[in-house]
Amino acid sequence: MQRVIDERGSILATSTPIAGAFPSPYEIETPPGCEGWEEMYPYYAVFDEARRDADEKRFWFWNSMHFPVPMPAFDVQCIDSPYQAVGAWQNRVFAVPPAMGIDYRIVNGYVYISGNPVTDPEKMAERAEFFQRRASYYFENWSELYEQWKSRVRALIDEVTNLPVPDLPEYEPDEVMEGERNTAFVDVLDSYQRCLRLGDLMWQRHFEFLLLGYGAYATFADHCKANLPDIPDQHIAQMVAGIDVLLFRPDAELRRLARLAIDTGVDDAFVEGRTPEEIDAALEQSDAGRKWLEDLQQVKDPWFNMATGDGLYHYYRSWLDDPSIPYASLIGHINALKAGEQIDRPTEEIQRERDRLAEEYGSLLDEGARQTFNELLGLSRTVFPYVEEHKFFCDYWFLTRWWNKLREFGELLARNGFLNDAEDIFQLGRHEVMSALDELVLCWATGGAPRGPSFWPPIVERRKELLARLGDWTPPPALGVAPEVVTDPMTIMLWGVTTQRVQEWARSQDPAATEVVGAPASPGTIEGPARVIRTIDELADVREGEILVTGSTSPAWAPIFSKIKATVTDVGGVMSHAAIVCREYGLPAVVGTGRATSLIRTGQMIRVDGSAGVVSIVDGGAG
């Protein structure tokens, strides 16, 4: 038995080591006081003895990019549905030759994932025929299909926004007797089931184009490496940078509003430490301030449908519900403008560098290879916007509306005593909520006494306590046996889990290390104080000139990128959102370090070499 302890004395894992492997998932200890955490999750979501022979030999990595904190019971739908959808498209529609889908397991509340590779050459050849034919259809009709995709997702957003959550009346209206509508018990159950199904439908759309976006880039990258063996990964990524995408528009609007505040003389209302409500109250005192607020109101739809984090947790509200991020950004932009600083993205500079690299690398190729190079580069630039834009439509706009709709069901249960608070609905699994609603409408119909008001609240309270305790546990970056080779293109492109990265994670278990290595995601070298962020609540602590160290970033954090000098993440590849955003903002970045948030402390001076992919602690080590 071996304990792995980080520099803060926290137990990372307790395990029986396997040669060349990470800790066994079957030897991870439950933190004291967290016994029984498994009750929050589906039976298939945990490591069990029935699958031990297979699961213990596989490689599992913590998906801290999407699931950085312990999962509440309801939020598990945002594990199930995405992995159902990505598997369906990757394995059953496009038949991506080397990869099927993604399995997940939960350990102490944290989500670990593992890809299912295709290893049979004959099977890969069979799948290649499907993939080439179906992917070509999308690539050849990309613009038309993408417009259709946006219309379909907007329809889902409208439907979930307008979905009724019926109340339970003392007496049904006459329309029921006249056959013009259902009784309330049918409508309540129908509406809840439709809400869940709308979530599934969104996730189905979410992955329709995403794999092709990664596939186009991966094909371009493979062509570059085959014909230009010394080309850095980062230069390949830079050749598709500098492209305007919709996801940057919310931040662009905030920058415009910051300038407007200065030009109209209302900038004095934006004082560090004031709440959004206090700023609004100050603006209401003048005609110019009220005019600025009218301008802001016009921007909110649709651009304030951003979320405060990746939308996969119910915690992350939209900017409409929680305007703290955009208002903090406005204060930062106004202060920067007053100090004479540049606040716009250096898009023209990035485009010049992009075009220079493409021309110089293209000139090194023979005519045949250059033609393919140009075609693949053009395709990558065409499909690239979707890689970022789907986040705005799906993860932010749809999901923030979807979580709010579920809150309405929570209010229904709370009004009838099944929950103490509407937010408690997220402590129940989606099937448990269905069960509670079933009993609610049963007792409403019969007039009987419900069991729910005494049954569910104690479960909710226990789970809240479990999540709080599990939040103090530090998950190891990976479990199981390191694979000989990683082939899943999505695992490589999005999470940055490459064969080399896994081997580095396995080697770098020294808690006293002063250096971590990751993927060089955005060029440049810079030193500065670290700011380690593990939860969205800590984002407000970021100060001017700091280096952001986090599990992963969300595009919704773009407004703080004008404050920081560089970014370091635990998980992420060259096409992760952190990498893309940093390249567009001209900030050095190293992603996929595996354990930067465990090794580095807030306030330590660190050096980020975004060209080499190295992060060094320069003020005496982890201590």
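This structure is a prediction, so every number in the text was calculated from the model and none was measured.

Before going further, it helps to examine the nonpolar core. Within the largest apolar cluster, 173 residues are counted, with the highest numbers of intra-cluster contacts made by M239, F270, W292, W402, L437 and W495. The leading source of residues in this core is helix α14 (residues 367-415), at 21 residues. Setting aside anything within four residues of it in sequence, one finds W402 in contact with F74, Q77, C78, V160, C195, L196 and G199.

Counting through the fold element by element, E253 comes out in helix α9 (residues 249-263). Setting aside chain neighbours within four positions, we find E253 in contact with V299 and W303.

Taken in spatial order, the 8 strands of this open sheet run β7-β14-β13-β9-β10-β11-β12-β8, and their pairing is mixed. For this open sheet the edge positions go to β7 (515-517) and β8 (519-522), each flanked by a neighbour on one side alone. Sheet twist, expressed as the average angle between the axes of neighbouring strands with direction ignored, equals 30 degrees. Pairing of strand β11 (residues 566-569) with strand β12 (residues 589-591) involves 2 bridges; the strand directions are parallel.

It is worth spelling out the packing of aromatic side chains at this point. This model, assessed by the stated rule, comprises 40 aromatic pairs. Ring geometry for Y83 versus Y104: centroids 6.2 Å apart, planes at 45 degrees, classification tilted. Linking Y83 in helix α2 (residues 77-93) with Y104 in strand β4 (residues 99-107), this pair joins segments that are 21 residues apart in sequence. The same class applies to Y83 and to Y104, which are both buried. Seen in terms of ring centroids, Y313 and Y316 are 5.8 Å apart; in terms of plane orientation they differ by 80 degrees. Their pairing is edge-to-face. An identical accessibility class is assigned to Y313 and Y316; each is buried.

A few words now on the pattern of salt bridges. Within this structure, the stated rule accounts for 40 salt bridges. Residue E39 is joined to R462 by a salt bridge in which the shortest nitrogen-to-oxygen separation is 2.8 Å. Placement of the pair is E39 in the loop between β2 (11-15) and α1 (52-55) and R462 in helix α16 (residues 452-470), with a sequence separation of 423 residues. For E39, a relative accessible area of 32% translates into the label partly exposed.

Here the focus is the side chain of D80. You can see D80 is positioned in helix α2. Residue D80 is classed as buried on the basis of its relative accessible area of 6%. Setting aside its immediate chain neighbours within four residues, D80 contacts P42, Y44, Y104 and R430.

With antiparallel pairing, 4 strands are arranged side by side in an open sheet as β4-β5-β3-β6. Strands at the two margins of the open sheet, each flanked by one partner only, are β4 and β6 (478-480). Across the sheet, the mean angle from the axis of one strand to that of its neighbour is 30 degrees, orientation sign disregarded. Two strands pair when backbone bridges link them, and β4 and strand β5 (residues 110-117) are joined in this way by 7 bridges, in the antiparallel orientation. Note that in β5 the partner of A99 across the bridge is P117.

When two helices pack together, their arrangement is captured by the angle between the axes and the distance separating the axes. Contact pair α2 / helix α6 (residues 184-206): the axes reach a minimum separation of 8 Å and the direction vectors enclose 40 degrees. Here α6 runs oblique to α2, going by the angle between their axes. The handedness of the crossing between α2 and α6 is right-handed. On the side of α2, the interface is formed by Q77, C78, S81, P82, Q84, A85 and W89, while α6 contributes L196, G199, D200, W203 and Q204. Grouping the constituent residues of the contact of α2 with α6 by class yields 6 nonpolar, 5 polar and 1 charged.

Bridging between strand β3 (residues 59-62) and β5 involves 2 bridges; their strand directions are antiparallel. Among the inter-strand pairings, F61 is bridged to a residue of β5, identified as I113. With antiparallel pairing between neighbouring strands as the criterion, β4 and β5 make up a hairpin whose turn holds 2 residues, including N108 at a positive phi of roughly 50 degrees.

Each value, and the rule that gives it
- Residues numbered from 1 in each chain as written.
- Predicted model: local features only at pLDDT ≥ 70, side-chain atom pairs only at ≥ 80, totals over all residues.
- Heavy atoms only, no water.
- Core = buried A, V, L, I, M, F, W, Y, C linked by side-chain atoms within 4.5 Å.
- Buried < 20%, exposed > 50% of the residue type's maximum accessible area, 1.4 Å probe, protein only.
- Helix = DSSP H or I, 4+ residues; strand = E, 2+ residues; numbered from the N terminus.
- Contact = heavy atoms within 4.5 Å.
- Pairing = 2+ DSSP bridges.
- Axes fitted to C-alpha atoms, helices over the stretch in contact; angles between N-to-C directions.
- Phe/Tyr/Trp six-rings, centres within 6.5 Å; stacked < 30°, edge-to-face > 60°.
- Salt bridge = Lys/Arg side-chain N within 4 Å of Asp/Glu carboxyl O.
- Parallel < 35°, antiparallel > 145°, perpendicular 65-115°, else oblique.
- Left-handed = near helix turned anticlockwise from the far one by under 90°.
- Nonpolar A, V, L, I, M, F, W, Y, C, P; charged D, E, K, R; others polar.

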